[in-house]
Amino acid sequence: MRTAGRAALVLVGVLIAAAILMPPRATGPSKTVRPFLLYYGGVPDPPTSAQAVRLARRMRGYPVVVLGLASHLPAFARQVRRLLPHTLFYGYADTGHVSFAHVAGRLALLHRIGLQGVLLDDVGTGLSAHAAALRRIVLLAHREGLRVILNAWDPRDVLHLPLLAGRDAVLCENWVYSGGRWAQPRAADVYAALRTLQRRGILVFMIVTTKGVPSGAAPARAAISATARAEFGDYLSLSDPVYSADSDAIFPAGNLRRELTHLAF
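Residues numbered from 1 in each chain as written. Predicted model: local features only at pLDDT ≥ 70, side-chain atom pairs only at ≥ 80, totals over all residues. Heavy atoms only, no water.

Peer 1: What is the right way to look at the environment of Pro63 in this model?
Peer 2: Inspection of the secondary structure assignment puts Pro63 in the loop between α2 (49-59) and β3 (64-67). With relative accessibility at 10%, the residue Pro63 sits in the buried group. The spatial distance from the C-alpha of Pro63 to the C-alpha of Phe89 is 8.6 Å, given a sequence separation of 26 residues. Not counting residues up to four positions away in its chain, the partners in contact with Pro63 are Arg34, Pro35, His86, Thr87, Leu88, Tyr235 and Arg257. (Helix = DSSP H or I, 4+ residues; strand = E, 2+ residues; numbered from the N terminus. Buried < 20%, exposed > 50% of the residue type's maximum accessible area, 1.4 Å probe, protein only. Contact = heavy atoms within 4.5 Å.)

Peer 1: I would appreciate a short explanation of the sheet that holds strand β11 (residues 235-239) in the present structure.
Peer 2: Two pairing modes exist for strands in a sheet, parallel and antiparallel, and in both the strands are linked by backbone hydrogen bonds. Strand order across the open sheet formed by nine strands is β1-β11-β10-β7-β6-β5-β4-β3-β2, with parallel pairing between neighbours. Of all strands in the sheet, those bounded by a partner on one side alone are β1 (34-35) and β2 (37-39). Alignment of β2 against β3, held across three bridges, turns out to be parallel. The residue of β3 that forms the bridge with Tyr39 is Leu67. (Pairing = 2+ DSSP bridges.)

Peer 1: Help me understand empty space enclosed by the protein, please; the structure alone is not making it clear to me.
Peer 2: Leftover empty space is mapped by rolling, across the atoms, a probe with the size of a water molecule. Evaluated as defined, the whole model comprises one cavity of 30 Å³ or more. What lines the largest cavity is simply Leu37, Val213, Pro214, Leu238, Ser239, Asp240, Ser244, Ala249, Ile250 and Phe251. (1 Å grid on protein atoms, 1.4 Å probe; cavity = no way out; pocket = protein on both sides within 12 Å on 5 of 7 lines; lining within 4 Å. Points joined across faces, edges and corners; volume = space filled by probe spheres on them.)

Peer 1: Would you mind going over the environment of Met206 with me for this structure?
Peer 2: Inspection of the secondary structure assignment puts Met206 in strand β10 (residues 203-209). C-alpha of Met206 to C-alpha of Val176: the two residues are 30 residues apart in sequence and 9.3 Å apart in space. Setting aside residues up to four positions removed in sequence, Met206 forms contacts with Val33, Phe36, Cys172, Thr227, Ala228, Glu231, Phe232, Gly233, Asp234, Tyr235, Leu236 and Ser237.

Peer 1: Would you take a moment to explain the pattern of salt bridges for this structure?
Peer 2: Opposite charge on two side chains permits them to pair, given that their charged atoms come into close proximity. For the coordinates displayed, the defined rule picks out three salt bridges. Arg156 is paired through a salt bridge with Asp154; the nearest N and O atoms lie 2.7 Å apart. We classify Arg156 as partly exposed; its relative accessible area is 38%. Salt-bridge contacts for Asp189 lead to Arg156; the nearest nitrogen and oxygen are separated by 2.7 Å. Of this pair, Asp189 sits in helix α6 (residues 188-199) while Arg156 sits in the loop between β6 (147-152) and β7 (169-173); the two residues are 33 residues apart in sequence, bridging distant segments of the chain. Put simply, Asp154, Arg156 and Asp189 are held in one network by salt bridges that share partners. (Salt bridge = Lys/Arg side-chain N within 4 Å of Asp/Glu carboxyl O.)

Peer 1: Please clarify how unusual backbone geometry should be interpreted in this entry.
Peer 2: Note that the residue after Asp45, namely Pro46, is joined by a cis bond; omega there is 0 degrees. Residue placement: Pro46 occurs in the loop between β2 and α2. In this structure, Asn174 is a non-glycine residue whose phi angle is positive, near 55 degrees. With respect to the helices and strands, the residue Asn174 is situated in the loop between β7 and β8 (177-178). Residues other than glycine seldom take positive phi values, yet Tyr243 does so here, at roughly 55 degrees. By secondary structure assignment, the location of Tyr243 is in the loop between β11 and α8 (253-260).

Shown next as structure tokens:
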């Protein structure tokens, strides 16, 4: 009983600290936060149809999946996508430490295999630190018929982009809770830029990562609540710190959806 009491006090302290550190929740109409999956799991060996069926079964229930292996196993990714016709599948493209030709080739590949979008990573670094280059990448993605999610640590870097309301998005990666720890609070002007994007109808994807494979236990619920309150986003992902790259684990969509029902907006 003493151990349980101490654990309860720790949790209460965490919640109080989060309430103090988090910025005020954005005002606006009520919304429902939906789950999404960021999956950087390993390439199956061999990549058979049976493996595609097993992976699709574990992903079932997620309306959006970022499939990191898509560019490495395009035929396999196409199989998984066809098994989940009501799921929006995104591929992955680095925009920081590559050439424009590399990004263009990646976007063309994702279009050929029938994915609906792309997560543009490392926005604001290297190649994409140049506003004209980043704009060109976004326009090319649109020409390929792809939605974009921009992983911009500073959303001010994407304010100038021709993003499409209700389709394109910005990603808040571990802004509030990262690897099982409360993150350093973001500056007020960072959240001001995020609110500007939201007023334009740009979607917001949020990420919470636990220390290991998430089980749904506390403080995951506190982290989910604090993240949603701070970012007021549309989609939320719960995973381990490297998005299943080591574990291949997928937190069940139904479990995450139940956690999200506890949110009150």
